Amino acid sequence: MTDAMTAPSGQLSARRAMTRHRLMDAAVSAFAERGIIGASVEEICESAGFTRGAFYSNFSDKDELVVALLRQEIDNRYAAAERAVSAMKAAASSETDAERLVGIALSAFEEAGRAGRDWILTQQELLLHAARAPRVRESYLAFADECVKQLSSLIGDAMDYAGREFTVTFDDAITLLSAAHQQVHLSALLHGEPLSWRPIGVLLLSITRPASGSTPRT
């Protein structure tokens with residue numbers, strides 16, 4: 001195994017980024033199979049092909065690794081949402097049917113945020129660990145607040161393009177959509193079936209309505 005510690009300074013950042021990526025990928029697999037408490041640093045390092053020295057040169061402990069994965073998860077969700085909104089806005093010039101626009105957005109979201117079994121299991125582990133560990137919980141809540149602020153502008157723009165408005169508060173809409181997102185993943189995992197975003201589409205249409213005096217932008 002290697003520890004990625006002896007490269008010249010010009011190469012160190014790239015090598016360290018690769019090391020972190022491999023350690024985080026290995027952690028996802030380990031957490032999915034054994035849980036965050038059950039998976040050891042040694043097991044993660046062995047799976048990634050690095051020494052403990054490489055781990056501790058990137059993360060002070062396992063909790064810091066968990067925080068990094070939480071950050072990655074929130075960033076990935078925002079990026080997927082951004083691509084979904086872009087796809088919907090691109091279609092709005094020729095498509096005015098709200099259900100069709102929602103379908104286009106959800107299809108793009110699915111392609112951008114496709115998750116496998118290990119990542120779905122790890123997502124649940126991350127949330128449970130954040131609920132149990134105060135240090136991790138504080139970091140997660142800070143990331144989540146940041147993501148909601150970014151989503152507020154993104155979703156507001158999307159609703160404007162689609163000529164829709166929420167019938168509930170924005171915070172309630174995000175809570176409902178997040179819960180549906182989690183349930184869709186769990187259902188696919190438990191039943192061994194592909195993800196189906198239809199429930200989220202049904203929910204989205206149920207909690208929105210045509211905006212007064214508005215039509216989709218062209």
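Because the structure is a prediction, the values reported are computed rather than measured. (Residues numbered from 1 in each chain as written. Predicted model: local features only at pLDDT ≥ 70, side-chain atom pairs only at ≥ 80, totals over all residues. Heavy atoms only, no water.)

Asker: Hey, could you go over empty space enclosed by the protein for me, with residue numbers and the actual values?
Answerer: Rolled over the atoms, a probe sized like a water molecule indicates the empty space that remains. In this structure the tally under the stated criterion is one cavity of 30 Å³ or more. When its volume is computed, the largest cavity comes out at roughly 30 Å³. Lining the largest cavity we find R77, Q123, Q124, L127, H181, Q182 and H185. Listing elements by their share of the lining of the largest cavity, those giving two or more residues are α6 (117-132) and α8 (170-191). The class makeup of the residues in the lining of the largest cavity is one nonpolar, five polar and one charged. (1 Å grid on protein atoms, 1.4 Å probe; cavity = no way out; pocket = protein on both sides within 12 Å on 5 of 7 lines; lining within 4 Å. Points joined across faces, edges and corners; volume = space filled by probe spheres on them. Helix = DSSP H or I, 4+ residues; strand = E, 2+ residues; numbered from the N terminus. Nonpolar A, V, L, I, M, F, W, Y, C, P; charged D, E, K, R; others polar.)

Asker: Which residues make up the nonpolar core, and what are the values?
Answerer: Counting 66 residues, the largest nonpolar core has L23, F31, I44, L65 and L69 as the members making the most contacts within it. At 15 residues, helix α4 (residues 62-92) tops the list of elements feeding residues into this core. Not counting the four nearest positions on each side in its chain, L65 is found in contact with M24, A27, F31, I44, F55 and F59. (Core = buried A, V, L, I, M, F, W, Y, C linked by side-chain atoms within 4.5 Å. Buried < 20%, exposed > 50% of the residue type's maximum accessible area, 1.4 Å probe, protein only. Contact = heavy atoms within 4.5 Å.)

Asker: How would you summarise the layout of surface pockets if you had to cite specific residues and measurements?
Answerer: Estimates place the volume of the largest pocket at around 1,200 Å³. Along the walls of the largest pocket sit 44 residues, with L151, I155, I174, L177 and S178 positioned nearest its centre. When residues of the lining of the largest pocket are traced back to their parent elements, those giving at least two are α4, α5 (98-112), α6, α7 (134-162), β1 (164-166), α8 and α9 (198-206). Looking at the lining of the largest pocket, the element that brings in the most residues is α7, giving eleven residues. Here the lining of the largest pocket is built from residues that sort into 33 nonpolar, six polar and five charged.

Asker: Talk me through the pattern of salt bridges; I want residue IDs and the actual numbers.
Answerer: Across all of its chains, the model carries eleven salt bridges by this definition. One salt bridge connects R117 with E33, and the closest N-O pair in it is separated by 2.8 Å. You can see R117 sitting in helix α6 and its partner E33 sitting in helix α1 (residues 9-38), a full 84 residues away along the chain. A residue is classified by how much of its surface remains accessible, and R117, at 46% relative accessible area, is partly exposed. For E146, the salt bridge identified is with R71, shortest N-O distance 3.2 Å. Of the two residues, E146 is situated in helix α7 and R71 in helix α4; the sequence distance between them amounts to 75 residues. Within the structure, one salt-bridge network assembled from shared partners comprises E33, R117 and D118. (Salt bridge = Lys/Arg side-chain N within 4 Å of Asp/Glu carboxyl O.)

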